[in-house]
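What follows is the residue order along each chain.
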Amino acid sequence: MAHGRLPMFSNEITLLRYSSGCSQRFLDVLCSCTQPEYTTWQYAPPKGRSLSNNSMSATGIAVLADALGINKGLIWLNLDGAEVEDVGIYRLTVAMRKNSTLQNLSLEDCYIDYNGGFAVANAVTGNVSLKTLNLNNNAVQDAGATAFGAALSQNSVLEALHLAFNEIQGTGGMALLEGLTRNKSLTLLDLAGNAIGAGAAAVLGDVLQHNTTVKTICLGFNNIGDEGATAIASALERNTTLKNLCLMSNHITDTAACPLADVLLRNCTLVYLRLADNKIGIKGAMAFAAALKLNATLQELHLQDNHIPDLGTHAFADIPSHNGTLRILNLIGNDVSEATVIAFAKERQEGKNTRLDVRYSSAAGVPR
């Protein structure tokens, strides 16, 4: 579509991408269209420009936000990479309070600070339609995270919240996670790349013992350590909802790895467990190997780069003969001898789990 022409419509999925050339004519259409059957909107940017990460001005976003406050059909808005600034975020949050149809909003890498985070969180509090909010790679910090905790305690619609890499530390992490105590709608929470620490992880552990909606939690790169990981392991004794847990790069040793492995003997819900780039060592590896022989739920276990010697990786070799559920066992970056490789191959061929994908590094360090 040539630049400046009206958007095209179809009935598959709603999509609006912006460009720096977003014309008033396009915004007029966005304001006036109230027919719900128009579910796909795509604006073509100027020739040679990508659909995202263009430098749309804060004024342009403010105008678009005003249109959003009137529009009754748009369900997906992606503004990733836009420098929204205070004026843009203010107008956008005003629109969020008026709009009752937008379901997915992505503001990743938009230079949103704690003031902007606070404003978005307050808008979420009373919003009745938004299901997915992506604020990854911003800087909402503890103040913004605390505001989101308050919002979650009142919001009953939001299902997925992405706050990865937002400079959130312990205070904000605890306040945010405490908001889940009363929340009954959120199913996914991504806090990767912050620094919430063991204290906030312990709060999460308390929440998970009673929460019945959250299915996916990502806490990678959060320095929760053994204390935080152990608290989460204890929560998994009672939790029957969580399916996907990511704890990669959290300074976890065998002290917490053993309780995490042990809980797999009783937890019948967890499907994906990611523990890459920790230090579970031989004891942690053997604990997981023993648990997998009895667990019938876990489908993926990621243990790459965990300081596991060959004796530890070899303990997994007979898993195909005992476990018919596991689909991926990732051991890349650990020590795997030729004898262990042969043992894996033999067990996969003769065992009951011939579909198990075992990943490891060759002697040259190349993943296979």
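Cut-offs and rules
Residues numbered from 1 in each chain as written. Predicted model: local features only at pLDDT ≥ 70, side-chain atom pairs only at ≥ 80, totals over all residues. Heavy atoms only, no water. Disulfide = S-S within 2.5 Å. Helix = DSSP H or I, 4+ residues; strand = E, 2+ residues; numbered from the N terminus. Contact = heavy atoms within 4.5 Å. Polar contact = N/O pair within 3.5 Å; in protein donor to acceptor, adjacent residues only side chain to side chain. Expected span 1.5 Å × (residues − 1). Buried < 20%, exposed > 50% of the residue type's maximum accessible area, 1.4 Å probe, protein only. Salt bridge = Lys/Arg side-chain N within 4 Å of Asp/Glu carboxyl O. Axes fitted to C-alpha atoms, helices over the stretch in contact; angles between N-to-C directions. Parallel < 35°, antiparallel > 145°, perpendicular 65-115°, else oblique. Nonpolar A, V, L, I, M, F, W, Y, C, P; charged D, E, K, R; others polar.

Draft legend 1. Seen up close, the state of the cysteines. By the definition in use, this model includes zero disulfides. Counting only cysteine sulfurs, cysteine 218 is the nearest neighbor of cysteine 246, a cysteine outside any disulfide, at a range of 3.8 Å.

Draft legend 2. Representation of the environment of threonine 297 within the structure. Mapped onto the secondary structure, threonine 297 falls in the loop between α10 (281-292) and β10 (300-302). Measuring from C-alpha to C-alpha, the distance between threonine 297 and valine 271 comes to 5.9 Å, with 26 residues separating the pair along the chain. Leave out the neighbours within four places in its chain, and threonine 297 touches Asn267, Cys268, Thr269, Leu270, Val271 and Thr325. Within the structure, threonine 297 has its side chain in polar contact with the backbone oxygen of cysteine 268 (distance 3.4 Å).

Draft legend 3. Quick look at the side chain of asparagine 330. Counting through the fold element by element, asparagine 330 comes out in strand β11 (residues 328-330). Among the polar contacts listed, one links the side chain of asparagine 330 to the backbone nitrogen of isoleucine 332, at a separation of 3.1 Å. Once you skip the residues sitting within four places of it in the chain, asparagine 330 turns out to touch Leu301, His302, Leu303, Gln304 and Arg359.

Draft legend 4. View of helix α7 (residues 197-208). Taking 1.5 Å per residue as the helical rise, α7 with its 12 residues ought to reach 16 Å, and the 17 Å between its terminal C-alpha atoms agrees with that figure. The element α7 is largely enclosed, with a buried count of nine among its 12 residues. Of the residues making up α7, those classed as buried are Gly197, Ala198, Ala200, Ala201, Val203, Leu204, Gly205, Val207 and Leu208. Check the buried side of α7 and you find it contacts α6 (170-178), β7 (216-218) and α8 (225-235).

Draft legend 5. Quick peek at the pattern of salt bridges. Considering all chains together, one arrives at six salt bridges under this definition. Across the pair arginine 359 and aspartate 357 runs a salt bridge, and its minimum N-O distance is 2.9 Å. Residue aspartate 357 is classed as partly exposed on the basis of its relative accessible area, which comes to 28%. Shared partners join several salt bridges into a network, and the residues in it are Glu237, Asp262 and Arg266.

Draft legend 6. Just the packing of α6 against α7, in detail. Axis separation between α6 and α7 bottoms out at 8 Å; the angle between their running directions is 10°. Relative to α7, the element α6 lies roughly parallel. Of the residues in α7, those in contact with Gly170, Gly173, Met174, Leu177 and Glu178 of α6 are Gly199, Ala200, Val203, Leu204 and Val207. Grouping the amino acids of the contact of α6 with α7 by side-chain chemistry returns six nonpolar, three polar and one charged.

Draft legend 7. Quick look at α8. Three or more residues of α8 are buried, namely Gly225, Asp226, Gly228, Ala229, Ile232, Ala233 and Ala235. Looking at the buried residues of α8, the elements they touch are α7, β8 (244-246) and α9 (254-263).

Draft legend 8. Here's a closer look at the environment of proline 259. As for its position among the elements, proline 259 is in helix α9. With relative accessibility at 28%, the residue proline 259 sits in the partly exposed group. Sequence spacing of proline 259 and aspartate 226 is 33 residues, and the spatial spacing of their C-alpha atoms is 10.0 Å.

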